[in-house]
Amino acid sequence: MKKTFIVGLLLPVMLLLTEQVAAEEQLELRVVGNHAPPYRIIEDGSFSGIYFDTMKELAARLRLKVRYVEVPFKRALYMMRFGNADIMLGPNRNPEREAYMVYTGATLPREDKAFYVHPEAMGIERYEDLAARLVLVHQGKVYFDRFDQDTALRKVPVAKYENAIQKTANCIHCVVIMPEMEGDYLLKQLDLGLKKSPFKARGKLSYITISRKSDALTLQQRIEQAMARMKDDGTFDRIQARYRRLDDKGMMD
């Protein structure tokens, strides 16, 4: 009798959980991002790179439907703010963004921020050297606290890092700040002769984020658990290794 009573209590809960998982699997998640190799690589309508490959593995494990949408970084933030996108891969954390995105426990690697200069310019040896330069930054991105809060620096926003690299190649007084892996990758691709400075800044953690206006918020715990399993079983390390090995031409293995 007692066993029957317990089963009777558990059955509605099990049915509710089953219905919730089924509903989540019917969602088509809009994952937005810009071309930012090797983290996010978008070529001929194909999405790859460390972050997109990670999301694809999560979607396969959780049986989720995902639609990947290429948009500029600043536009991706806008879409997350107003619920026009569900998930964004890789943004750093700051209070303004926390107002409209949930930063999940599914963290992505932090990358040092590097400074690239004209081949004939003096490299950046210490933070204070930036005061004499025009510092090219990507619109909408954050880097590290001291830099982000420094209103004395002459920061010049650009839409793409490629634009910043090309401008710096023709400007001896310019310096462009980029995540180090992305900067190294783009410099090898563009072959404009910029050099990397000795000074680097410790990068912040990156995250898988969910719009606070998205039905995908119900997936947060499942995404975090699946990501933890991927790290434990070595899958995430293998995804990273795939893109951290560059051949002599700067292209992926």
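Heads up: the structure comes first, above all this text.
Residues numbered from 1 in each chain as written. Predicted model: local features only at pLDDT ≥ 70, side-chain atom pairs only at ≥ 80, totals over all residues. Heavy atoms only, no water.

Asks: Can you lay out the pattern of salt bridges for me, pointing to particular residues and giving the numbers?
Replies: Evaluation of the coordinates by the stated rule reveals 17 salt bridges. In this structure, arginine 30 and aspartate 86 form a salt bridge, with 3.2 Å as the shortest nitrogen-oxygen distance. With arginine 30 in strand S1 (residues 28-33) and aspartate 86 in the loop between helix H3 (73-81) and strand S5 (87-89), this residue pair connects regions lying 56 residues apart in the sequence. For aspartate 86, a relative accessible area of 6% translates into the label buried. Notably, a salt bridge pairs arginine 61 with glutamate 57, separated by 2.7 Å at the nearest N-O pair. One end of the pair, arginine 61, and the other, glutamate 57, are both in helix H2 (residues 50-62), 4 residues apart, so they sit about a helical turn from each other. In the salt-bridge network here, residues are joined through shared partners; they are Arg126, Glu128, Asp129 and Arg146. (Salt bridge = Lys/Arg side-chain N within 4 Å of Asp/Glu carboxyl O. Helix = DSSP H or I, 4+ residues; strand = E, 2+ residues; numbered from the N terminus. Buried < 20%, exposed > 50% of the residue type's maximum accessible area, 1.4 Å probe, protein only.)

Asks: Can you tell me about the nonpolar core, naming the residues and giving the values?
Replies: One broad trend across soluble globular proteins is that nonpolar side chains are buried collectively. Formed by 31 residues in total, the largest nonpolar core has its most connected members in Leu58, Ile87, Leu89 and Ile223. When contributions to this core are tallied by element, the ones reaching two or more residues are S1, strand S2 (41-43), H2, S5, strand S6 (101-108), strand S12 (206-211), helix H8 (220-232) and helix H9 (235-244). When residues of this core are assigned to their parent elements, the largest contribution, 7 residues, is made by H2. Excluding residues within four positions of it along the chain, isoleucine 223 makes contact with Leu58, Leu62, Ile87, Ala106 and Ile210. Val117, Phe147, Ile165 and Leu186 belong to the second largest nonpolar core, which has 30 residues in total. (Core = buried A, V, L, I, M, F, W, Y, C linked by side-chain atoms within 4.5 Å. Contact = heavy atoms within 4.5 Å.)

Asks: Tell me about the sheet that holds strand S4 (residues 65-70), residues and numbers included.
Replies: Taken in spatial order, the 5 strands make up an open sheet running S4-S1-S5-S12-S6, and their pairing is mixed. Both outer strands of the open sheet, S4 and S6, are each paired with one neighbouring strand and no more. Ignoring strand direction, the axes of neighbouring strands in this sheet form an average angle of 25°. The pairing of S1 with S5 spans 2 bridges and is classified as parallel. Its bridge partner being in S5, valine 31 is matched across the sheet by isoleucine 87. Running at roughly 150° to S5, H3 makes contact with S1, S5, S6 and S12 of the sheet. Taken strand by strand, H8 contacts S5, S6 and S12, and its axis lies near 15° from that of S6. (Pairing = 2+ DSSP bridges. Axes fitted to C-alpha atoms, helices over the stretch in contact; angles between N-to-C directions.)

Asks: I'd like a description of the environment of proline 72, backed by residues and values.
Replies: Secondary-structure assignment places proline 72 in the loop between S4 and H3. The sequence separation of proline 72 and glycine 140 amounts to 68 residues, and the corresponding C-alpha distance is 9.8 Å.

Asks: Residues and numbers for H3, please.
Replies: Within H3 the residues assigned to the buried category are Phe73, Ala76, Leu77, Met79 and Met80. For H3, the arc enclosing every buried residue in end-on projection is 160°, short of the 170-degree limit, so these residues lie on one face. Looking one or two residues beyond H3, the residue adopting positive phi is glycine 83, at roughly 80°. (Arc of directions from axis to C-beta.)

Asks: Please give an account of the state of the cysteines that cites residues and values.
Replies: Applying the stated criterion to the full structure yields 1 disulfide. Through a disulfide, cysteine 171 is tied to cysteine 174; the S-S separation comes to 2.2 Å. Handedness here is read from the sign of the S-S torsion; for cysteine 171 and cysteine 174, about 75°, the answer is right-handed. On the accessibility criterion, cysteine 174 (0% relative accessible area) is buried. (Disulfide = S-S within 2.5 Å.)

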